[in-house]
Amino acid sequence: MPKSKNLDEKDAELMHPLNDDGVVIEMESLRPAWGSKFQYFGMVISTAVGLGNVWRFPYLCQKHGGGAFLIPYLIMLFVEGMPLLYLEFAAGQHFRKGSMGTWNLVHPLLGGVGIASAVTSFIVGVYYNAIIMWCLFYLVHSFTGMLPWSSCPMETQGNLTVPLLECDVSGPTSYFWYRNALEISTSIEDTQGVKWKMLLCLIFAWGVVYACIWKGIKSSGKVVYITASFPYIVLFIFLGRGVTLRGAGDGLAHMFTPKLERLQDPQVWLDAATQIFYSFGLGFGGMIGFSSYNPKKNNCEKDAIIVSIVNWFTAILASVVIFSVLGFKATVMYEKCIFRNIGTITSNNMFPQWNATTLTEDVYLREFHSNRDLIKSLNLTYCSLEEDLDNAAQGTGLAFIVFTEAVNEFGSSAPFWSIIFFLMLLSLGFGSEFGTLEGVTASLYDLKHSIFTRKWLVSGTLCLVSMLIGLLFVLGSGSYWVDLFDSYGGSFPLITIALVESFGIGWVYGVDRFSQDIKEMIGHEPHRYWKIMWKFVAPVFIAILLGATLVSKFLKPITYNVYSYTEFKMVAAGYPWWAGAIAAFLVLSSVLCIPGVALLRKLGYFKFEGPTAKNIIVETGGHTQSTAAFLKSDNDSGHNSDDINDEYITSERDTSCAIPERPERVKFDDLMQNAESKL
């Protein structure tokens, strides 16, 4: 008959779970882990390198002085992007939890930060899949012998068959985007019903997302082999094709020629800070969740540097690809403009000495092109390569109008280039979507409620609810709803979250304390540069960015662009009052979680439930005494937060993820009673 164990032995077994061989199960084996380092890097890079690298960064370079924009971008990379990415990696890896659990452990009054991240990730994930839906629509329509946006529909006027006026004015790619793809209405109030083609694409998009995340990182970790590598394969293919096109050199020269006077404009610096912020996926909670699945001794500092360099390299690579193609497009448009003017001059016999044979391109450029007044007096179009390059669009306009127009010029191979382009956008979109939703699911899984242990159910419910909300985006007014969600659901909340994160680590938790945690993981303290960034520089820059965002978003009338059926283009219009209320809800639903949770916990209405004896090691990353002290201060000791922090700092640190052998019994009375009851 086996010898019975005394209380201390059984209590130790409770605290240190054993496997069948009697070996203590370390924390890493109790939390899901990445199958390989490549899976981790693939998922992080897929999240960070998204659609913004392809269609927003090139636009900002073009808008803000070409190569000159790279100067503030690099500065913001080192003072804002890289330090905050390192902070989130280190916090997730040390505390071994998603965003919600991590900030509870940093300080219980900061528990609202994790909730705010989860809410923001949910809102962004809902509308981000609408962009994926549009890419799916274009991908399906690319499998044709002739791209449907390559020419205008025709109409009969008397005995003549002419292009439809709206398409002839706006262009075939613009017409297809607004009238065929979006079937756009005239305002956000005019819904015009559900567009069933887009609805099918939306259902398929959410089906793909669910199939890839329903097992957590076990399923999504496998998908990154495609989402992380395929965009680079396509970018390099486009690079090889793009730099060989005529006019590519003009596009690249326009892209990288620095206009240093633009650096005096504060908006250039604000746009650089904003682009860095969003391209790294900061504030969503996904990076914290991903790093929490890493081994405890993983070098998160090196990871942050590598991901930052890859992100920067991708933005530059995408810019080279985009502007080599746009340079080709501008050259084609410029040549067509010149030949059209030559044809008008010769066919109307404006100048008897010039005919179709004698008025060559060189003669036109010498005799007419340099005289703008003469061109205007003849009712001709002034042809300018520089102006065509300046007319680059951003966002959806760049992807679905400008770039597709350039692809049209690829001749018989245009469908192939269209297919791989939208496959690349889908790969980028899905990769970022997985990372965004990780900010939600990782936090829900860490709640440890019985409902949230069924990952297939959590993922299915999340995707279903998101898809139902996404029905707004398949209406005739769907693109206006996407713009509303994009403008207010992700900008202000994410900046606020990042500000509180940097303040929470720099001033509440303490930089020195955080550095010691990192030393236990990677073997050395972070360099002084990181500490200065976390405590002083990053909070200041983020606070300035937050203030500028407030001014730009809320201190002037809220407007949006609507499609005009008379002018055949987008024009500015004011939001109705209820749309303004929805914008406020999108912002406040996440931001108010931060002060709300802190206030409720301070008043004692929303307690922080510390870990139990059995899961104390797994859940806290060695911070059991801090949690116990917080609970004691809430219940009977009356200690303030400073006392708690002091007690935590002087407590024994546990680098092996195990609790001290004999903790003070007064701090674990409840745990011991729980152990006795289980005996």
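Residues numbered from 1 in each chain as written. Predicted model: local features only at pLDDT ≥ 70, side-chain atom pairs only at ≥ 80, totals over all residues. Heavy atoms only, no water.

Asks: What should I look at first to understand the overall build of the protein in this one?
Replies: Looking only at helices and strands, the protein has 32 helices and 4 strands in total. In the protein, of all internal contacts separated by at least 6 residues, the share reaching a separation of at least 24 is 80%. Within the structure as shown, the protein displays about 28900 Å² of accessible surface, and the carbon and sulfur contribution to it stands at 61%. (Helix = DSSP H or I, 4+ residues; strand = E, 2+ residues; numbered from the N terminus. Contact = heavy atoms within 4.5 Å. Areas by Shrake-Rupley, 256 points an atom, 1.4 Å probe, with all protein chains shown as cover.)

Asks: Would you mind showing me how to read a nonpolar patch on the surface here?
Replies: Together, Leu74, Phe78, Phe236, Trp312 and Phe313 make up an exposed nonpolar region whose accessible area comes to about 450 Å². Tracing the backbone through its elements, the reader meets Phe236 in helix 13 (residues 230–242). Since its relative accessible area comes to 45%, Phe236 is described here as partly exposed. (Patch = residues over 30% accessible without salt bridge, like charges linked within 9 Å, V, L, I, M, F, W, Y side chains within 5 Å. Salt bridge = Lys/Arg side-chain N within 4 Å of Asp/Glu carboxyl O. Buried < 20%, exposed > 50% of the residue type's maximum accessible area, 1.4 Å probe, protein only.)

Asks: Teacher, can you tell me more about the pairing of strand 3 (residues 559–564) here?
Replies: Side chains on a regular strand alternate between the two faces of the sheet. As paired strands, strand 3 and strand 4 (residues 569–574) are joined by 6 bridges and run antiparallel to one another. By the bridge assignment for strand 4, Tyr560 is matched with Ala573. The hairpin formed by strand 3 and strand 4 contains 4 residues between the paired strands, and Phe568 there has a positive phi angle of roughly 60°. (Pairing = 2+ DSSP bridges.)

Asks: Would you take a moment to explain the pattern of salt bridges for this structure?
Replies: Think of it this way: side chains of opposite charge can pair up when their charged atoms draw near. The full count for this structure, using the stated rule, is 6 salt bridges. We note a salt bridge from Glu166 to Arg179, for which the minimum N-O separation is 2.5 Å. Within this pair, whereas Glu166 is found in helix 9 (residues 165–170), its partner Arg179 is found in helix 10 (residues 172–181), the two being separated by 13 residues in sequence. Residue classification places Glu166 among the buried residues on the basis of a relative accessible area of 9%. Salt-bridge contacts for Arg246 lead to Glu335; the nearest nitrogen and oxygen are separated by 3.0 Å. Of this pair, Arg246 sits in the loop between helix 13 and helix 14 (248–256) while Glu335 sits in helix 17 (residues 300–347), placing them 89 residues apart in sequence.

Asks: Whenever I open this one, the confidence of the model for the protein confuses me. Can you help?
Replies: Detailed conclusions should not be drawn from predicted coordinates in areas where pLDDT is low. The pLDDT averaged across the protein works out to 81; a share of 82% of its residues lies at or above 70. Highest mean pLDDT in the protein belongs to helix 8 (residues 111–141) (95); lowest belongs to helix 31 (residues 641–650) (34). In this model, residues 1–29 is a region of pLDDT below 50 whose contacts with residues beyond four sequence positions or in other chains number 47 contacts. Confidence over residues 610–679 falls short of pLDDT 50; this stretch has 108 contacts with residues more than four positions distant or in other chains. (pLDDT = per-residue confidence, 0-100.)

Asks: What exactly am I supposed to notice about unusual backbone geometry here?
Replies: Leaving glycine out, the prevailing phi sign among residues is negative, and the prevailing peptide bond configuration is trans. At Gln192, a residue that is not glycine, the phi angle is positive and equals roughly 60°. Tracing the backbone shows Gln192 in the loop between helix 10 and helix 11 (196–213). In the Ramachandran plot, Asn379 falls in the positive-phi region, its phi being about 60° despite a non-glycine side chain. When you line up the elements, Asn379 lands in the loop between helix 19 (372–377) and helix 20 (385–390).

Asks: Explain the packing of helix 24 (residues 478–488) against helix 27 (residues 577–591) to me, please; I cannot follow it from the model alone.
Replies: As a packed pair, helix 24 and helix 27 sit with axes 9 Å apart at the nearest point and diverge in direction by 40°. Taken together, the axes of helix 24 and helix 27 lie oblique to each other. Where helix 24 crosses over helix 27, the handedness of that crossing is right-handed. Only Trp578, Ala579, Ile582, Ala583, Leu586 and Val587 of helix 27 make contact with helix 24, whose side of the interface consists of Trp481, Leu484, Phe485 and Tyr488. (Axes fitted to C-alpha atoms, helices over the stretch in contact; angles between N-to-C directions. Parallel < 35°, antiparallel > 145°, perpendicular 65-115°, else oblique. Left-handed = near helix turned anticlockwise from the far one by under 90°.)

Asks: Is there a simple way to explain the packing of aromatic side chains in this structure?
Replies: Each pair of aromatic rings is reported with the distance of its centres and the angle of its planes. Evaluated as defined, the whole model comprises 47 aromatic pairs. Ring geometry for Tyr40 and Phe41: centres 5.7 Å apart, planes at 45°, overall tilted. The same class applies to Tyr40 and to Phe41, which are both buried. Judged by centre distance (6.1 Å) and plane angle (20°), the ring pair of Phe430 and Phe434 falls under stacked. Linking Phe430 with Phe434, this pair stays in helix 22 (residues 414–445), spanning 4 residues, or about one helical turn. Note that Arg241 overlies the ring of Phe410, its terminal NZ or CZ placed 5.0 Å from the centroid. Across the ring face of Trp507, the terminal group of Lys535 is positioned such that the distance to the ring centre comes to 4.5 Å. (Phe/Tyr/Trp six-rings, centres within 6.5 Å; stacked < 30°, edge-to-face > 60°. Lys NZ or Arg CZ within 6 Å of the ring centre and 35° of its normal.)

Asks: Looking at this model, I keep getting lost on helix 15 (residues 266–279). Mind explaining?
Replies: Because each turn of an α-helix spans 3.6 residues, side chains separated by three or four positions end up pointing in the same direction. Over its 14 residues, helix 15 runs 20 Å from end to end, which matches the ideal 20 Å to within 8%, given 1.5 Å per residue. Of the residues flanking the end of helix 15, it is Gly281, one or two places downstream, whose phi is positive at about 65°. (Expected span 1.5 Å × (residues − 1).)

Asks: Please explain the pairing of strand 2 (residues 160–163) as it appears in this structure.
Replies: Inspection of the sheet shows strand 1 (residues 154–157) paired to strand 2 by 4 bridges, in the antiparallel sense. Each residue of the ladder has a partner; that of Thr156, found in strand 2, is Thr161. Two successive antiparallel strands, strand 1 and strand 2, enclose a turn made up of 2 residues, where Gly158 displays a positive phi of approximately 70°.

Asks: Looking at this model, I keep getting lost on the state of the cysteines. Mind explaining?
Replies: Two cysteines, two sulfur atoms, one covalent bond between them: this is a disulfide. For the coordinates displayed, the defined rule picks out 2 disulfides. There is a disulfide in this structure between Cys152 and Cys167, and the S-S distance comes to 2.0 Å. Judged by the torsion about the S-S bond (-85°), the Cys152/Cys167 disulfide is left-handed. Separated by 15 residues along the polypeptide, Cys152 in the loop between helix 8 and strand 1 and Cys167 in helix 9 bring together distant segments of the chain. (Disulfide = S-S within 2.5 Å.)

Asks: Is there a simple way to explain the environment of Thr396 in this structure?
Replies: If you trace the backbone, Thr396 turns up in helix 21 (residues 395–408). As a C-alpha pair, Thr396 and Arg56 span 340 residues in sequence and 9.5 Å in three-dimensional space. The contact partners of Thr396, leaving out residues within four places of it in the chain, are Trp55, Trp134, Trp177 and Ile401.

Asks: Even after reading the chapter, I still don't get the packing of helix 17 against helix 18 (residues 361–369), so can you show me in this structure?
Replies: Any two packed helices are characterised by the angle at which their axes cross and by the distance between the axes. Two numbers describe how helix 17 lies on helix 18: the axes approach to 11 Å, and their chain directions differ by 80°. Between helix 17 and helix 18, the angle is such that the two are roughly perpendicular. In contact with Tyr334, Ile338, Phe339, Asn341, Ile342 and Ile345 of helix 17, helix 18 contributes Glu361, Tyr364, Leu365, Phe368 and His369.

Asks: Honestly, helix 28 (residues 593–603) in this entry has me stumped. Any pointers?
Replies: For helix 28, every residue scored as buried is listed here: Cys593, Ile594, Val597 and Arg601. Down the axis of helix 28, the buried side of the element spans an arc of 105°, and every buried residue falls inside it. Of the exposed residues in helix 28, those oriented more than 90 degrees away from the buried face are Leu599, Lys602 and Leu603. Buried-residue contacts for helix 28 involve helix 7 (99–106), helix 8, helix 25 (491–522) and helix 27. Gly604, located one to two residues past helix 28, shows a positive phi value of around 85°. (Arc of directions from axis to C-beta.)

Asks: What should I look at first to understand the side chain of Ser99 in this one?
Replies: Considering the arrangement of structural elements, one finds Ser99 in helix 7. With a relative accessible area of 1%, Ser99 lands in the buried category.

Asks: Can you help me understand the environment of Phe41 in this one?
Replies: For Phe41, the position within the fold is in helix 3 (residues 37–48). Considering only alpha carbons, one finds Phe41 and Phe290, 249 residues apart in sequence, at a separation of 9.4 Å. Other than its neighbours up to four places away in sequence, Phe41 contacts Asp303, Ile306 and Val307.

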